[in-house]
Amino acid sequence: MRRVVIVGYGMAGARLADELRRRDQDISITIIGAEPHAAYNRVLLSTVVAGTMTPESTRLHDEKWAAGHNIDLRLGCEVLEIDRGSRTVTVSGTPGITGPESEPIPYDALVLATGSTPWVPPAEGLVEDGKLAPGVVAFRTLDDCAEIEAKTHKGAPVVVLGGGLLGIEAARGLAGRGCLVTVVHPVGHLMERQLDPGAGSVLARTLGQLGIEFRLNALAAKYLPGDGLILDDGTHVPAELVVVSAGVRAETSLAVKAGLEVDRGIIVDDVLRTSDPRIHAIGDCAQHPGTVSGLVQPAWDQAAVLADRLTGANPAARYRGTSVVTRLKARDVDLAALGDVHTDVDCPDSEVLCFQEPSRGRYAKLVLRDDRVTGAIVLGAPDAAATITQLYDRGIPAPTDRLALLLGRALPAEAASPADLPSSAVICRCNTVSKGQIVSAWRAGAESLPQLAEATRATTGCGGCKDAVCGLLDWLGASQPQSA
Amino acid sequence: MSVIDGQVAPGPGGLCQKGWTAGELLRHPGRLTTPLLHGEPVSWDEALDFVASRIRSYEPDEVAVFGGGGLTNEKAYLLGKFARVALKTSQIDYNGRFCMSSAAAAGNKAFGLDRGLPFPLTDLQSADTVLLAGSNPAETMPPFLRHLEGARLIVIDPRRTPTAERATLHLQPAPGTDLALALGLLHTAVMEGLIDKEYISSRTTGFDDAWRIAAQWWPEHTERVTGVSAADQRAAVHMLAGRSYILTGRGTEQHASGTDNVSAWINLALALGLPGRAGSGYGCLTGQGNGQGGREHGQKADQLPGYRKLDDPVARQHIMKVWGVDWLPGPGRSAYELLVADDLKAMLVFGSNPVVSAPRASRVAERLKALDLLVVADFVMSETAAMADVVFPVTQWAEEDGTMTNLEGRIIRRRKALDPPAGVRSDLHLIHGLAARLGCAEKFLTEPKEVFEELRKASAGGLSDYSGITYERLDAEQLHWPVPSVDHPGTPRLFLDRFAHADGLAKFIPVDHKGPAEPPDEEYPLQATTGRVLQHYQSGAQTRRVGELMKAVPEMYVEVHPDTASRAGLTSGEPAHVVSRRGRVTATVRCVPSMRSDAVFLPFHFPGEGRANLLTNPALDPTSRMPEFKVCAVRLERA
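Being a predicted model, the structure only gives us computed values, none of them experimental.

Regarding the sheet that holds strand S18 (residues 241-244) of chain A
All names here are of chain A.
- Strands sit in the order S11-S18-S12-S13-S14 across an open sheet of five strands; the sheet is parallel. The open sheet has two edge strands, strand S11 (136-138) and strand S14 (213-215), and neither has a second partner. Geometrically, the sheet is characterised by an average inter-axis angle of 25° between neighbouring strands, direction not taken into account.

This is the structure we're talking about:
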């Protein structure tokens, strides 16, 4: 029986275990997780900070899951070493169950799903003895969320370090709790990886209306516990709490120690193999040319491919990368960004449309090539965001009416006046009764609703055309038209 | 409604064009009035003798019966008994498999009982919000909308249907992504704090397992898969919290994941605390005239009267006793599997036109043609009847007594208003005639009332218990099943105190999104979906014979987005071919700007080259055996 050992019980590791079990009831699965509790859905942490989701609701598995699915789950354990020669991993003991070090665990396939760790900007005082200083917290784990929740209150000044996707989600959640939030961001506009300067500025304006302040082009220079931050221009920002959300780094130390090929992350090929064919890597810790790290969709796609291969369900499965759609999860701010958004409106070989309405928080940019969406930013137009994402993901040609696409749902036409309707317009759909037939019946003496109903059957089905028929009656009575 | 001098007069509820013109079929010149043997008129005795002698020459399981959801309860009951007692075959199923089976399976899983609406239809009149998932009643049953006049409507449909046009909120998911949307709405309801925790803990089980899956469908992720914006998902769940109803239709049920789709909608309803309470609930909207009754009394492959299970030893004992037999066959195959089975010699079709209405219709036609004996009972020459060796002319609605069970589980009397034309007999007589020639005449009564008396006994103690219902009571009062005794008032509202599972609780069923069985690709880049138009019904065998309806919608058409048409070099009014891996349909192009540009819509009422079901995918739901009618991959070409 094949033995699969998964290092890491986050979203990637948990998903892989689910995908393996779904395909194969017998394959042996061991998971080693560093955190003491069951895997949870990191994507939902911003909703936990915002107070709309409980920590319990974010759990991917309950405590019965491992036993129920015949999985050897070791929580609160660390992999100390990978012995590639004997194909075993050495694991720290399970707290309260075994000694300091357990028996080496043999594997036929080892999967590294070690994720990533927060990157902390090099400001003085943020880190003390290798750990975050008191009053400084990362935004990465459920424990972080609990700490944020415990240390904030209404009216508390809070600084969020980092104006990327996660930083903004954290800031929005904290503002929703009533904190006075300032986002400190080293670049001139927010979310510069996903947005152009125009969109970044509309986003900042929208968030500003929700009470969030911004210090752009600013670096934190010094942290003063209980007081706040000194920025590199010498100004002071008050903060009872500093939330660090300045990006993540792939967690590769175990791979480096084992001598695997590592760049920004652990290098993997299209079958998620590292430089050792017995060892695989998925999720944030892996580096595949077709994707960027920090998002869950690539991890899920990779888990499905790897499960197909490890169980033999589909030996031909390949991971070809994941097209990235960035979607901000923040109440009252609807933002999607995808593909190449940095193409200029006057770029000769692309069709680029741009619409800005900062006062209403709307910004839309659409980049097309050969009729296909290749990039877009949609802010403040939820319907357009949904539609454009579908066109992008499915490779569907964009509609010829580009403007309607950019603006989202076309507004319903105003109800036409009975006078303007053509004679052939169907008024009662249930009985296929046209305006012309109603006018004829009226001329023949059916001048009330019941009489018209009797003569034409209009209104006798669902009854939905009653208002329209009454409108026609009024119009006929008032105008006495000579012809319909 | 009633018939006065051959003219239809409406009841209090209202009628659409199909209802107003239904009288035309009673005296239609195309009406069948004599049995046909290989196309030649013969006497009833000659036709019956021929069929019976052929049947005697086959093994029991070489003979199949295919019923219909338009048959009265009496006919549906007797047909199931005929198959198992007279023919001794396990091979019986019916077209309701193509209609209600997914909703039925999911209802049974969640509530332990399947009744379309477990509350009276009129309860909908006091709703704040009604969510219709994959239903288009503005065309399929317009008078129903009168009950929704006071409610805000949420309509879930990939198309902007006439029903969607009336909606407060129209959610337009990509075809085949309903389950993802339902999971997203459950997630959003949790996030917005709208779930009813007290109800979940006191009246249900299994929430945690269902949630673990829904937890992975946050609104933005759901948006990416379905195309329904996160903002609309939020708006929808806020509208649903309160006095609300969630109702499903074929659009969400006719998928290879149909049962799971419905389970996902029921999970949402349970999380919001809607079912089993006055003023809110979950229900499914029946498709055929007797879609409810037709699935309760034994014409389904796995079922015995009273909504009993054929593989339940206690149920078998009860029915064997009522029927006076000491043996019953086991469960047989489902509708599509039966229609394409290559081990059958004969099939008897009652009230159905599978050559037009079954998926992958060309294969079905091929198999029926290859049968040694095809027998069809109908009142017009349907496309299936035209292929038959023997055709029996039978009565229709105004010419017979009987009962139907409507979508709210209310039993309705059908009263004979006219004598049928000479030569026409009831299906009950046909069944009796065959049974007599197979040596068991006395077990097959011909008077609807007598058959109903037997059905009462057979259903006694079952889930759908009719034992307390009599024709006399139906003349005087409204009765919703179960009615376990003659002094029982009936059960308009089910589940108010407890659900039908042994523990009295409703069950969340953990389900996840898989997507369509046949995703679009380079060769077939569009997704086709099928459905009804107002003027026609089912295979169109009846409505295509009514002049007024044909004038309104005379020919097969395909709805496409104007851009999609122009990319295929087509404009409105031109003939086009719609092609799938299974066949090719010829249809006139109708450009509809509200269509998704990656989808086309085809009505399924037309015959020959215009059969939408030449395209459809017979991938079956593992539980309900429902085919995936509602989505398949196609391309559009100039004809």
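Considerations on the domain arrangement of chain B
Residues and elements named next belong to chain B.
- The domain boundaries assigned to chain B delineate domain 1 (1-30), domain 2 (31-98 + 290-459), domain 3 (101-285) and domain 4 (526-638).
- Each of domain 1 and domain 2 has a C-alpha centre, and these two points are 26 Å apart.
- Contacts between the two partners involve 11 residues from domain 1, matched on the other side by 13 residues from domain 2.
- Summing both sides of the interface, domain 1 and domain 2 together bury roughly 880 Å²; the carbon and sulfur share of this comes to 62%.
- The tally of links between domain 1 and domain 2 comes to one salt bridge.

A closer look at the domain arrangement of chain A
- According to the domain assignment, chain A contains domain 1 (3-117 + 249-310), domain 2 (127-246), domain 3 (334-407) and domain 4 (419-479).
- The straight-line distance from the C-alpha centre of domain 1 of chain A to that of domain 3 of chain A is 36 Å.

Concerning the UniProt feature "domain: BFD-like [2Fe-2S]-binding" (unreviewed entry) in chain A
- Look at the UniProt record and you will see "domain: BFD-like [2Fe-2S]-binding" (unreviewed entry) annotated at residues 426-474 of chain A.
- Each end of residues 426-474 of chain A is marked by a C-alpha atom, and these two atoms are 18 Å apart; helix forms 53% of the span and strand 10%.

Digging into the nonpolar core
- In terms of nonpolar packing, the biggest core is built from 214 residues, with Ile 6, Ile 82, Val 89, Leu 112 and Leu 203 of chain A together with Trp 265 and Phe 392 of chain B touching the most fellow members.
- If you tally residues by element for this core, the top one is helix H7 (residues 178-191) of chain B, at 10 residues.
- In this structure Ile 82 of chain A touches Thr 88, Val 89, Tyr 107, Leu 110, Leu 112, Leu 254, Ala 258 and Ile 279 of chain A, once residues within four positions along its chain are discounted.
- Listed in part, the 40 residues of the second largest apolar core include Cys 428, Val 469 and Trp 475 of chain A together with Ala 164 of chain B.

Considerations on the side chain of Asp 563 of chain B
- Within the element layout of this structure, Asp 563 of chain B appears in helix H22 (residues 562-567).
- For the buried Asp 563 of chain B, which has no salt bridge, the nearest side chain bearing the opposite charge is Arg 567 of chain B, at an N-O separation of 4.4 Å.
- Within the structure, the side chain of Asp 563 of chain B is placed 2.5 Å from the side chain of Thr 400 of chain A, a separation counted as a polar contact.
- Residues contacting Asp 563 of chain B, with those up to four places away along its chain left out, are Ala 398, Pro 399 and Thr 400 of chain A.

Focus on the sheet that holds strand S17 (residues 390-393) of chain B
All names here are of chain B.
- As summarised here, the arrangement of the seven strands in space is S4-S3-S17-S16-S15-S5-S6, forming an open sheet in which the pairing is mixed. The outermost strands of the open sheet, each flanked by one partner alone, are strand S4 (40-41) and strand S6 (92-94).
- Here strand S3 (residues 36-37) runs beside S17; their pairing, made up of two bridges, is antiparallel. Across the sheet, Leu 37 pairs through a bridge with Val 390, a residue of S17.
- Seen against the sheet, helix H3 (residues 73-86) touches strand S5 (63-67), S6 and strand S15 (346-350) and runs at an angle of roughly 155° to S6.

Remarks on the interface of chain B and chain A
- Between chain B and chain A, the residue contacts involve 52 residues of the former and 50 residues of the latter.
- Regarding the contact of chain B and chain A, the summed buried area is about 3,900 Å², with carbon and sulfur atoms giving 44% of it.
- Contact with chain A buries surface across chain B, with Arg 212, Trp 218 and Arg 224 of chain B losing the most and accounting together for 19% of the total.
- On inspection of chain B and its partner chain A, the count reaches eight salt bridges.
- A salt bridge links Arg 429 of chain A to Glu 165 of chain B; the nearest nitrogen and oxygen atoms lie 3.4 Å apart.
- Counting across the interface, chain B meets chain A through 26 residue pairs in polar contact (both at pLDDT 80 or more).
- Put simply, the parts of the chain that give the side of chain B that touches chain A at least two residues each are helix H1 (17-20), helix H6 (162-165), H7, helix H9 (207-214), helix H10 (219-226), helix H11 (230-240), helix H21 (547-552) and H22 of chain B.
- Per element, the largest residue contribution to the side of chain B that touches chain A is six residues, and it comes from H10 of chain B.
- Across the side of chain B that touches chain A, the residue classes tally to 20 nonpolar, 15 polar and 17 charged.

Digging into the UniProt feature "domain: Molybdopterin oxidoreductase" (unreviewed entry) in chain B
- When the UniProt feature table is mapped to this numbering, "domain: Molybdopterin oxidoreductase" (unreviewed entry) covers residues 31-436 of chain B.
- Helix makes up 37% of residues 31-436 of chain B and strand 16%, and the two end C-alpha atoms of the span are 27 Å apart.

So, the pattern of salt bridges
- This structure, assessed with the given rule, holds 67 salt bridges over all chains.
- The salt bridge partner of Arg 327 of chain A is Glu 223 of chain B, with a shortest N-O separation of 2.6 Å. Residue Arg 327 of chain A is found in strand S23 (residues 325-327), and its partner Glu 223 of chain B is found in helix H10; the two belong to separate chains. Taken as a pair, Arg 327 of chain A and Glu 223 of chain B share a single burial class, namely buried.
- Asp 371 of chain A is the salt-bridge partner of Arg 402 of chain A, the closest N and O atoms lying 2.8 Å from each other. Of this pair, Arg 402 of chain A sits in helix H10 (residues 402-407) while Asp 371 of chain A sits in the loop between strand S26 (362-369) and strand S27 (372-379), placing them 31 residues apart in sequence.

A look at unusual backbone geometry
All names here are of chain B.
- The linkage connecting Trp 481 with the following residue, Pro 482, adopts the cis geometry, with an omega of -5°.
- Mapped onto the secondary structure, Pro 482 falls in the loop between helix H20 (471-476) and strand S20 (506-507).
- You will see that Tyr 307, though not glycine, has its phi angle at about 55°, which is positive.
- Mapped onto the elements of the fold, Tyr 307 is located in the loop between strand S13 (303-304) and strand S14 (308-309).
- One non-glycine residue, Arg 625, lies in the positive phi region at around 60°.
- Relative to the assigned elements, Arg 625 resides in the loop between strand S26 (617-620) and strand S27 (627-628).

A closer look at helix H12 (residues 449-456) of chain A
Residue and element names in this part refer to chain A.
- Those residues of H12 that sit buried are Leu 452, Ala 453 and Thr 456. Angular distribution of buried residues about the axis of H12 spans 100°; they occupy a single face of the element. Counted as exposed and oriented over 90 degrees from the buried face of H12: Pro 450, Glu 454 and Ala 455.

Here's the deal with the packing of helix H4 (residues 101-111) of chain B against helix H13 (residues 258-271) of chain B
Residue and element names in this part refer to chain B.
- The interhelical angle for the contact between H4 and H13, taken along N-to-C directions, is 45°, at an axis separation of 8 Å. Put simply, H4 runs oblique to H13. Crossing hand, H4 versus H13: right-handed. On H13, the residues that touch Ser 102, Ala 103, Ala 105, Ala 106, Gly 107, Lys 109, Ala 110 and Phe 111 of H4 are Gly 258, Thr 259, Val 262, Ser 263, Ile 266 and Leu 270.

Observations concerning the environment of Thr 129 of chain B
All names here are of chain B.
- Its location among the elements puts Thr 129 in strand S7 (residues 129-133).
- Along the backbone, Thr 129 and Val 85 are 44 residues apart, and their C-alpha atoms lie at a distance of 48 Å.
- Ignoring anything within four residues of it in the chain, the contact list for Thr 129 reads Ala 151, Arg 152, Ile 154, Met 239, Leu 240, Arg 243, Ser 244 and Tyr 245.
- Of the polar contacts made by the side chain of Thr 129, one reaches the side chain of Arg 152; its length is 3.0 Å.

A few points about helix H19 (residues 448-459) of chain B
All names here are of chain B.
- Taking 1.5 Å per residue as the helical rise, H19 with its 12 residues ought to reach 16 Å, and the 16 Å between its terminal C-alpha atoms agrees with that figure.
- Those residues of H19 that are buried lie in contact with H3, S14, helix H14 (313-323), strand S18 (402-405), helix H18 (427-437) and H20.
- Among the residues trailing H19, Gly 461 stands out with phi positive, at a value near 85°.

Some details on the UniProt feature "domain: Molybdopterin dinucleotide-binding" (unreviewed entry) in chain B
- Per the UniProt annotation, the sites labelled "domain: Molybdopterin dinucleotide-binding" (unreviewed entry) are residues 526-633 of chain B.
- For residues 526-633 of chain B, the end-to-end C-alpha separation is 6 Å, with 11% helix and 35% strand making up the annotated structure.

Remarks on the packing of aromatic side chains
- Tallied over the full model, the rule gives 16 aromatic pairs over all chains.
- An aromatic cluster of three or more residues is present, and its members are Phe 111, Tyr 282, Phe 495 and Phe 499 of chain B.
- Over the aromatic face of Trp 300 of chain A sits the side chain of Arg 15 of chain A, whose NZ or CZ is 3.9 Å from the ring centroid.
- The ring of Phe 601 of chain B carries Arg 159 of chain B above its face, with NZ or CZ at 3.4 Å from the centroid.

A short note on the environment of Val 184 of chain A
Residues and elements named next belong to chain A.
- Residue position: Val 184 is located in strand S13 (residues 180-184).
- Judged by its relative accessible area of 3%, Val 184 falls in the buried class.
- Between the C-alpha atoms of Val 184 and Gly 162, which are 22 residues apart in sequence, the distance is 5.8 Å.
- Leave out the neighbours within four places in its chain, and Val 184 touches Val 159, Val 160, Leu 161, Gly 162, Gly 163, Arg 215, Ala 218, Ala 220 and Leu 231.

Topic: the state of the cysteines
- Inspection of the entire model under this criterion finds zero disulfides over all chains.
- Cysteine Cys 145 of chain A remains unbridged, with the sulfur of Cys 179 of chain A as its closest cysteine sulfur at 13 Å.
- There is no disulfide at Cys 16 of chain B, and the cysteine sulfur nearest it, in Cys 430 of chain A, is 6.4 Å away.

Calculation criteria
Residues numbered from 1 in each chain as written. Chains lettered and ligands numbered in written order. Predicted model: local features only at pLDDT ≥ 70, side-chain atom pairs only at ≥ 80, totals over all residues. Heavy atoms only, no water. Pairing = 2+ DSSP bridges. Helix = DSSP H or I, 4+ residues; strand = E, 2+ residues; numbered from the N terminus. Axes fitted to C-alpha atoms, helices over the stretch in contact; angles between N-to-C directions. Domains from an automatic or database assignment. Contact = heavy atoms within 4.5 Å. Buried area = accessible area lost by both parts, 1.4 Å probe. Salt bridge = Lys/Arg side-chain N within 4 Å of Asp/Glu carboxyl O. UniProt positions renumbered as here; feature names shortened; annotations may be inferred. Core = buried A, V, L, I, M, F, W, Y, C linked by side-chain atoms within 4.5 Å. Buried < 20%, exposed > 50% of the residue type's maximum accessible area, 1.4 Å probe, protein only. Lys, Arg positive; Asp, Glu negative; His and termini not counted. Polar contact = N/O pair within 3.5 Å; in protein donor to acceptor, adjacent residues only side chain to side chain. Nonpolar A, V, L, I, M, F, W, Y, C, P; charged D, E, K, R; others polar. Arc of directions from axis to C-beta. Parallel < 35°, antiparallel > 145°, perpendicular 65-115°, else oblique. Left-handed = near helix turned anticlockwise from the far one by under 90°. Expected span 1.5 Å × (residues − 1). Phe/Tyr/Trp six-rings, centres within 6.5 Å; stacked < 30°, edge-to-face > 60°. Lys NZ or Arg CZ within 6 Å of the ring centre and 35° of its normal. Disulfide = S-S within 2.5 Å.

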